[in-house]
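Remarks on the overall topology
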Number of protein chains: 2
Amino acid sequence: MKKFIDTVDNFLHESLEGFAKANSDIIDFNPEPRYIKRKTLKQPGKVALISGGGSGHEPLHIGFVGKGMLDAACPGQIFTSPSPDQMLAAAEAVEQGGGVLFVVKNYAGDVMNFEIASEMLEAANASVIVSDDVSLPKDHSTGRRGVAGTLIVEKMVGAAAETGATLAECKALGDRINLATASMGVALTSCTVPALGQPTFAIGDNEMEIGVGIHGERGRETVPLKSASEIVEHVATIIDDDLNPQKGQEILLHINGFGGTPLTELYLIYGLATKFWEQRGLVIARSLVGNYTTALDMAGCSITITLLDDELKRMWDAPVHTASLRWGDQ
Amino acid sequence: MKKFIDTVDNFLHESLEGFAKANSDIIDFNPEPRYIKRKTLKQPGKVALISGGGSGHEPLHIGFVGKGMLDAACPGQIFTSPSPDQMLAAAEAVEQGGGVLFVVKNYAGDVMNFEIASEMLEAANASVIVSDDVSLPKDHSTGRRGVAGTLIVEKMVGAAAETGATLAECKALGDRINLATASMGVALTSCTVPALGQPTFAIGDNEMEIGVGIHGERGRETVPLKSASEIVEHVATIIDDDLNPQKGQEILLHINGFGGTPLTELYLIYGLATKFWEQRGLVIARSLVGNYTTALDMAGCSITITLLDDELKRMWDAPVHTASLRWGDQ
């Protein structure tokens, strides 16, 4: 296993300690129960925005804690849901009287544990379940998975919470963004979970995985390696068919790397994706390119679009100051 | 070859097109001769800061063009020096009467081509040669290579140029930062140059490369895989011996990923490196963790420190607004 690691058991803790030291101006790290919280909390009545999930997707979610985005994030073990006591402790640490909104990626373990935390939490709370992965059909038995679109929900709802939106407004906004967002990923390699020590799935030198999940789950299909243009055409068509945007629609285009793919290739995919949607009459009004929702060291990327309106553009443009997303007034 | 690519011939151009589209608020892309330049140029008398080098190290240098950092960057083919006509065209496009400072990584081809451009350019100009890689001895025949410390030179000198420093002052500052900076890298895998289609060097499943360059050059030694703690101890000791900082010295600690290593592992290395230098009585006053000076898809990282003083801290903290480095007033 080719990783910078001491032991499997302390990998996550050492990594979080390093993250916390490098970003001590923005966040605090509580090791037990484990959560990362925003350092500055002086907005009585503000809705507290909390997310979490298995680790291995960094910077999601820990890198998005800070002004204009999350108030806390609960990292589970690699690809494993955090426990309700982490969520509860985080909620109690950051709740300021405005209630708590949990942003939950749609995986059975995460949904269950956030539900338990929600029931145990005394403060008013609600949840947004993110399910933007269109590689599974809409009527899939456990619903669609939450993937790179989660960042967009967290950014925009974070902006709303920062500027005084109520819990009900934040929840409604989050649900609305989720419905306006679609993602799909492709992988060129598997990833290697430290505790397993070998790639999660086998894939041939001339094969790729279409519709892959962010835990190294096999995708819709294993196909021979395609060119970048063919990949974008294939994936963008599925996304476009799902959201079915009208001509003239403004979109946010997010190209997300899975951790093992360099920026050069992500920009190449971005350029091809802009051409695809511009040819269909859409307007790329906002964009984000980089490794944001990763699957450890997997080589691959996902394409996400969100259909924008004036409110969503305002929420996207609002200042954000976190470890991994930063713009506007600091 | 597992890459998002259409053809080897148009890989770089398609990637730069995507980069330019995604960052059209900050930069302009001139395809022939090829350079990226800052969009807003309205500071008569400002020193123009220009860098460049082989592509494949993104975001270096293109991602660092913008307010408070570079005025232009000249991307060569993958791992190949740009040509003097690119540098000359870029210089003529961004020169505002304050002269031009070239920031050049110490590789024979880059140094030669920047020298030719320097001689051809009518405007006053100077060069800073970055040579921060301590994996080679100080008296190495072609000098030490320029690696991740280049970003630090570009950031700090960019801040000085932005606030009115003269060409001579910028040149002296750049040379001073270079002498105060030391880097060393380790690789767990090779990288794959598109035109080659296969890994640049062979490395066993249980081996790693110590002192590797950013072009997949073999390092000082190939050794059995070590733990993260052993790697940090080994590399940080060589860096520390080279700069020989005094107790109480403030440093900037930069952990740089080579493109195929996820953030989780870089933060783990960061945490261990902070412990190493704190135990030696140094103060980690500033830090940067992420994939900034890459070698295509190589898995690995480098550790860089810069010895700080009040001026360098001010230059590091100054606002920067580029595609890949952004803080302070926007």
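1. Some details on the overall build of chain A
The secondary structure content of chain A amounts to eight helices and 15 strands. Compactness check: chain A gives a C-alpha radius of gyration of 19 Å against a globular reference of 20 Å for 330 residues, within 12% of the reference. Projected onto the principal axes, the alpha-carbon positions of chain A cover approximately 50 × 50 × 40 Å. Each of the 330 residues in chain A was classed as buried or not, and the buried ones make up 63%. Of the contacts made within chain A by residues no fewer than 6 positions apart, 72% connect residues no fewer than 24 positions apart. Total accessible area on chain A stands at roughly 11100 Å², and carbon and sulfur atoms take up 50% of it. Between the mean site of the 27 positive side-chain charges and the mean site of the 42 negative ones, chain A shows a separation of 5 Å.

2. Let's talk about the sheet that holds strand β15 (residues 326-327) of chain A
Residue and element names in this part refer to chain A. Taking strand neighbours across the sheet as the criterion, the three strands line up as β4-β14-β15 in an open arrangement whose pairing is antiparallel. Across the chains shown, the open sheet's two edge strands, defined by having one partner strand only, are β4 (66-67) and β15. Where β4 meets strand β14 (residues 320-322), two bridges bridge the pair, whose relative direction is antiparallel. The residue bridging Gly66 from the neighbouring strand is Thr322, located in β14.

3. What about the interface of chain B and chain A?
Interfaces are often sized by the accessible area lost when the parts come together. The partner chain A presents 57 residues to the 57 residues of chain B that form the contact. Here chain B and chain A share an interface that buries about 4600 Å² over both sides, 61% of which is from carbon and sulfur atoms. Ranking the residues of chain B by area buried against chain A places B:Lys2, B:Phe4 and B:Tyr267 at the top, with a combined share of 20%. Run the count over chain B and chain A and you get six salt bridges. We note a salt bridge from B:Glu17 to A:Lys275, for which the minimum N-O separation is 3.3 Å. At the boundary of chain B with chain A, the tally comes to 24 residue pairs in polar contact (both at pLDDT 80 or more). Secondary structure elements with two or more residues in the side of chain B that touches chain A: α1 (11-22), α6 (228-243), α7 (263-279), β12 (283-290), β13 (300-307) and β15 (326-327) of chain B.

4. Regarding the confidence of the model for chain A
Residues of chain A with pLDDT of at least 70 account for 100%, and the chain-wide mean is 96. Both scores are given for the predicted complex: the pTM is 0.97, the ipTM 0.95.

5. Things to note about the domain arrangement of chain A
Residues and elements named next belong to chain A. If you check the domain split of chain A, you get domain 1 (11-180) and domain 2 (181-315). For domain 1 and domain 2, the distance between their C-alpha centroids amounts to 22 Å. Between domain 1 and domain 2, the residue contacts involve 34 residues of the former and 39 residues of the latter. Between the two partners, domain 1 and domain 2, sit four salt bridges. The closest approach of N and O atoms between Arg176 and Asp309, which form a salt bridge, is 2.7 Å. Where domain 1 touches domain 2, the interface holds 20 residue pairs in polar contact (both at pLDDT 80 or more). Elements supplying a minimum of two residues to the side of domain 1 that touches domain 2: α4 (149-162) and α5 (167-179). Among the elements that line the side of domain 1 that touches domain 2, the one with the most residues is α4, at seven residues. Its residues placed into classes, the side of domain 1 that touches domain 2 shows 19 nonpolar, six polar and nine charged.

6. A look at the relation of the copies chain B and chain A
Overlaying chain B on chain A yields an RMSD of 0.0 Å, the required transformation being a rotation through 180° with an accompanying axial translation of 0.0 Å. Put plainly, the chains are arranged around a two-fold axis. Residue B:Gly260 of chain B places its C-alpha closer to the rotation axis than any other residue of that unit, at 2.1 Å. A symmetric contact is evident, with 100% of the interface residues of chain B recurring at the interface of chain A.

Rules behind the numbers
- Residues numbered from 1 in each chain as written.
- Chains lettered and ligands numbered in written order.
- Predicted model: local features only at pLDDT ≥ 70, side-chain atom pairs only at ≥ 80, totals over all residues.
- Heavy atoms only, no water.
- Helix = DSSP H or I, 4+ residues; strand = E, 2+ residues; numbered from the N terminus.
- Rg over C-alpha atoms; globule rule 2.2 N^0.38 Å.
- Buried < 20%, exposed > 50% of the residue type's maximum accessible area, 1.4 Å probe, protein only.
- Contact = heavy atoms within 4.5 Å.
- Areas by Shrake-Rupley, 256 points an atom, 1.4 Å probe, with all protein chains shown as cover.
- Lys, Arg positive; Asp, Glu negative; His and termini not counted.
- Charge placed at Lys NZ, Arg CZ, Asp CG, Glu CD.
- Pairing = 2+ DSSP bridges.
- Buried area = accessible area lost by both parts, 1.4 Å probe.
- Salt bridge = Lys/Arg side-chain N within 4 Å of Asp/Glu carboxyl O.
- Polar contact = N/O pair within 3.5 Å; in protein donor to acceptor, adjacent residues only side chain to side chain.
- pLDDT = per-residue confidence, 0-100.
- Domains from an automatic or database assignment.
- Nonpolar A, V, L, I, M, F, W, Y, C, P; charged D, E, K, R; others polar.
- Least-squares fit on C-alpha atoms with pLDDT ≥ 70 in both.

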